Amino acid sequence: MNWVIQENKFCEEQISRMGNRMLCGNGYLGIRGTQEEYRKEQMPAINLAGIYDQVGSGWREPLNAPNVLYTYIAVDGKKYALPETEPLKHRMELDFRHGIFSRETSFRTDRGIVTVRSERFACKDEVHRIAMRYSVTADFHAEIELYTGIDGDVWDIHGPHYDTLVSCEEQGVIRMQGVTHEKGDTVDVLETVAADFPCEQHLVTGEKEILRRIAFVTEIGRSYCIEKTAVVFTSKDRDWDLQRAHGTLREAKAAGYDALKEMHCRKWEEKWAVSEVEIDGDEEAMKSLNYSIYHLLSIAPTHAANMSIPARGLSGQTYKGAVFWDTEMFMLDFFLFTDPDVARSLMKYRVDTLGGAMEKAVFYGYEGAFYAWESQEGGFDACSDYNVTDVFTGRPQRTYFKDKQYHISAAVVYGIMRYTQITGDQSLLQEGGLKTVIECANFYYSLLLKRAVGDCYEIWDVIGPDEYHERVNNNAYTNRMAKFVFQSAAELLKNPEWKARIEQEYPVDELVRRFEDAAAHIYLPKPDKDGIIEQFDGYSHLEDASIDEVRGRLLHEKEYWGGAYGVAAETKVIKQADVVTMLNLFPEEYEPEILKKNWEYYEPRTEHGSSLSSCMYAMLACKCNMPRKAYPFFMNSASADLKDGGREWAGLVYIGGTHPAAAGGAYMTAIEGFGGVSAQDGTVRTAAVLPEGWNRMKFHICCRNIRYAVEIGRQGTNIMEEGNVHSDAL
Ligand code: IFM
């Protein structure tokens, strides 16, 4: 398979998308696939995981480090740089086997042609380090000035986040430190450069930049190359300081770029050895799927014991760099099956942010744990009350994502239970997971309503996965997930070992009684006479307009479809899989006919306005034995970041970035959908429904500390035990 994606021309309109598509990352930082000469208008970013800042009443968002890759050239005194200078030729590439970005751009000057080439990566073996090689070649004797250093004037959506930026040079290393506005956190970036040719070097400093000016005259056709190594650390990295940064840079410089690249590639190969999915018979699907896996591997917090992944990965500040249900419901399975330590870190983040969830519940007058819809550190809910801006008035529009998407706490419980089942590791439950499950059950219990007549419990005034219909009653998905939470809590509390651990703190028997009663009596809409499950009370009475009709009612292309006055609100058009998501999670509770009927009913009414939608349709189609119908939805998920067309705006809010939930959904569809893999009870089983053209799939998965090689062909499946999974957590 060809592990390279390429762009062979320069297109200014594509700058933002390319930044996402060609992203390199290592879980600690993400480097957007932008050119080295770009300034903040072109959205370059070294986006940092888990560190946030808020300026005034702007949205709190993650930090972009000072741009330590900033580099450009001047020839005979004139600057040549994209996007201002039209290139003669331009090519950029991402080797997604190894997370290496490269570009080659030629400019025509008055005296001849000059070409810059660069190659760079976010080191996988040392996540604080970045390496870059940058070269200049001319077909004439050019007087070149190569400027390279640190640009502190970074791209922000709600910044600027650095109140002060201080820079200096010490023993050939240049450094910039930014101090954040809200909490005075610091971000340090340091770089060192080695040049393989005679040149003059001077330091040039500006208000927000510190650069080296490297001047030389070229011989015709000779390539002049610098190697840059950089280190990034923040005040949150307790074991990092200046001394360590300098030491790391010295070692890296001594080793040289090629040696760093080799170590980096070796680490990637280790990851692929357990993560790659081979598909014999469908090259395009295999490439898209492994490209999706590349993105998941690039943002996996391998360096942290309790860190999660933002909805837009490490591609920038969209969605406030916050963690959504995307992690548990869409990304978690990939990590469970390939790197359980990362899966543990994702879930430990939730356990460790229980305090924030309990505060949120109190704020809204509930009990237990109501997790943040958009979670930042400590479980702080970054979701604004006004998450959309009205395109007509420019006014913030009241949305209820934060207040009413109750299903978020169920996603947390789902993640904890699934982690425990698939890994067999009880330590997460021991270290706070059990308490988290109980508090989430307490939360749902406090949401229950009972009518004077009848004996069932209802949940009113919610937003389900379909965000276009706000504040509805009895969303089927939310109610079924609440039932799952009650069942999970009751099951754990009835286990004598867990009971003994927690009975000092909780009235266990009373809780079991409550949760069992709630699970038995929560209202779950049944299929109607046509077999359709109503998404929420009253959905069936809404206008049955087609998606095109509804789209035709838009007065502005960026208008928001949902909310009180959105074009979809009074119609049956939904944003993303909702009932279908529920059926996908609990298929055994329904007749196969019902699964199929609901798929067929809801799909034409789903706008797929979220990248999370397609994979749920793909997976349910597999469960209905409809691989042909599943396939296009699978490809949509797998190529969410490869193709154009995804939404970049919600109202006036920029929502561009990478789509790790779609990437995780593509993985789940391939392995659990087409491959039919299940492993909940510790035994790996398959029930494959391979799409046309797929002769064979090969991959590895781990379950209960054992790694398996799985091969699924048209003739049957072979599951071979490969040995124990090396894990610190298990
Ligand atoms: O979590 C999703 C949500 O379901 C739809 N809007 C985007 C969010 C982040 O991906």
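Our structure's up above, just so we're on the same page.
What counts, and at which threshold
- Residues numbered from 1 in each chain as written.
- Predicted model: local features only at pLDDT ≥ 70, side-chain atom pairs only at ≥ 80, totals over all residues.
- Heavy atoms only, no water.
- Near = heavy atom within 4 Å.
- Polar contact = N/O pair within 3.5 Å; in protein donor to acceptor, adjacent residues only side chain to side chain.
- Areas by Shrake-Rupley, 256 points an atom, 1.4 Å probe, with all protein chains shown as cover.
- Nonpolar A, V, L, I, M, F, W, Y, C, P; charged D, E, K, R; others polar.
- Core = buried A, V, L, I, M, F, W, Y, C linked by side-chain atoms within 4.5 Å.
- Buried < 20%, exposed > 50% of the residue type's maximum accessible area, 1.4 Å probe, protein only.
- Helix = DSSP H or I, 4+ residues; strand = E, 2+ residues; numbered from the N terminus.
- Contact = heavy atoms within 4.5 Å.
- Phe/Tyr/Trp six-rings, centres within 6.5 Å; stacked < 30°, edge-to-face > 60°.
- Lys NZ or Arg CZ within 6 Å of the ring centre and 35° of its normal.
- Pairing = 2+ DSSP bridges.
- Axes fitted to C-alpha atoms, helices over the stretch in contact; angles between N-to-C directions.
- Parallel < 35°, antiparallel > 145°, perpendicular 65-115°, else oblique.
- Left-handed = near helix turned anticlockwise from the far one by under 90°.
- Salt bridge = Lys/Arg side-chain N within 4 Å of Asp/Glu carboxyl O.

Chemist: I tried to follow the site of the ligand on my own but got confused; where do I start?
Modeler: Close to the ligand lie Ala311, Tyr319, Phe324, Trp325, Asp326, Trp373, Glu467, Lys575, Gln576, Ser610 and Leu612. Here an oxygen atom of the ligand and a side-chain polar atom of Trp325 are 2.9 Å apart. At 3.4 Å, a side-chain N or O of Glu467 approaches a nitrogen atom of the ligand. Protein chains bury 96% of the 280 Å² of accessible surface belonging to the ligand in isolation. Split by residue class, the shell around the ligand holds 6 nonpolar, 2 polar and 3 charged.

Chemist: What should I look at first to understand the nonpolar core in this one?
Modeler: A general trend in soluble globular proteins is that nonpolar side chains are found buried together. Trp325, Phe335, Tyr444, Phe486, Phe634 and Met697 are the most contacted members of the largest nonpolar core, which totals 170 residues. Among the elements that make up this core, the one with the highest residue count is helix 11 (residues 476-494) (11 residues). Contacts of Phe335, omitting those with residues within four sequence positions, involve Leu296, Ala300, Ile309, Pro340, Val342, Ala343 and Leu346. One finds Tyr38, Ile130, Val136 and Ile150 within the second-largest nonpolar core, a separate group that totals 53 residues.

Chemist: Is there a simple way to explain the packing of aromatic side chains in this structure?
Modeler: The description of two aromatic rings rests on the distance between their centres and on the angle between their planes. Applying the stated rule across the entire model yields 47 aromatic pairs. Ring geometry for Phe674 against Trp694: centres 5.0 Å apart, planes inclined by 65°, an arrangement best described as edge-to-face. A residue pair is termed long-range when its members are at least 10 positions apart, and Phe674 in helix 19 (residues 660-674) and Trp694 in the loop between helix 19 and strand 26 (696-703) qualify at 20 residues. For Trp694, a relative accessible area of 0% corresponds to the buried category. Site record: aromatic cluster; members linked through ring pairs are Phe363, Tyr364, Tyr366, Phe370, Tyr406, Phe443 and Tyr444. A cation over an aromatic ring shows up here: Lys320 above the ring of Trp59, its NZ or CZ 3.9 Å from the ring centre. The ring of Phe586 is capped by Arg480, whose NZ or CZ atom sits 3.8 Å from the centre of that ring.

Chemist: Just checking my understanding: could you explain the sheet that holds strand 1 (residues 4-7) for this structure?
Modeler: One key point about sheets: their strands pair by backbone hydrogen bonds, in either a parallel or an antiparallel sense. The strand order 1-8-9-10-11-18-15-14-13 describes an open sheet built from 9 strands, whose pairing is antiparallel. Sheet topology places strand 1 and strand 13 (162-170) at the edges, where each strand pairs with a single neighbour. On average, each strand axis in the sheet is tilted by 15° relative to the strand beside it, whichever way the strands run. As paired elements, strand 10 (residues 113-122) and strand 11 (residues 129-138) share 9 bridges and run antiparallel to each other. Bridging from a neighbouring strand, Ser118 pairs with Tyr134 of strand 11. Of the strands in this sheet, strand 9 (100-108), strand 10, strand 11 and strand 18 (223-234) are in contact with helix 3 (residues 257-275), which crosses strand 10 at around 45°.

Chemist: Just to check I follow, could you spell out the pairing of strand 16 (residues 200-206) for this structure?
Modeler: Side-chain positions along a regular strand alternate between the two faces of the sheet. Where strand 16 lies against strand 17 (residues 209-217), 7 bridges are found, and the strand directions are antiparallel. Across the sheet, Thr205 pairs through a bridge with Ile210, a residue of strand 17. Taken together, strand 16 and the strand that follows it, strand 17, pair antiparallel across an intervening segment of 2 residues.

Chemist: Looking at this structure, how should I read the packing of helix 10 (residues 427-447) against helix 11?
Modeler: A pair of packed helices is captured by two measures, namely the crossing angle of their axes and the spacing between those axes. Axis separation between helix 10 and helix 11 bottoms out at 9 Å; the angle between their running directions is 135°. In terms of axis orientation, helix 10 runs oblique to helix 11. Like other packed secondary-structure pairs, helix 10 and helix 11 cross with a definite hand, here left-handed. Along the contact surface, helix 10 presents Leu429, Leu434, Val437, Ile438, Cys440, Ala441, Tyr444 and Tyr445, while helix 11 presents Ala482, Val485, Phe486, Ser488, Ala489, Leu492 and Leu493. Class assignment of the residues belonging to the contact of helix 10 with helix 11 gives a composition of 14 nonpolar, 1 polar and no charged.

Chemist: What am I meant to see in the pattern of salt bridges here?
Modeler: A side chain of one charge can pair with a side chain of the opposite charge if their charged atoms are brought near each other. Under the defined criterion, the tally for this structure stands at 62 salt bridges. The shortest N-O distance in the salt bridge between Asp188 and Arg175 comes to 2.9 Å. Within this pair, whereas Asp188 is found in strand 15 (residues 186-195), its partner Arg175 is found in strand 14 (residues 173-180), the two being separated by 13 residues in sequence. Judged by relative accessible area, which is 2%, Asp188 ranks as buried.

Chemist: Looking at this structure, I do not really get unusual backbone geometry. What am I missing?
Modeler: The phi torsion of most residues other than glycine is negative, and most of the peptide bonds are trans. For the bond from Leu82 to Pro83, the omega torsion is -5°, close enough to zero to count as cis. In this fold, Pro83 is placed in the loop between strand 7 (78-80) and strand 8 (89-95). Cis geometry marks the peptide bond from Gly159 to Pro160; its omega dihedral reads 0°. Along the polypeptide, Pro160 turns up in the loop between strand 12 (143-151) and strand 13. Positive phi, normally seen in glycine, also occurs at Asn625, with a value near 60°. Mapping Asn625 onto the fold places it in the loop between helix 17 (613-623) and helix 18 (627-638).

Just geometry here; none of it tells us what the structure is for.
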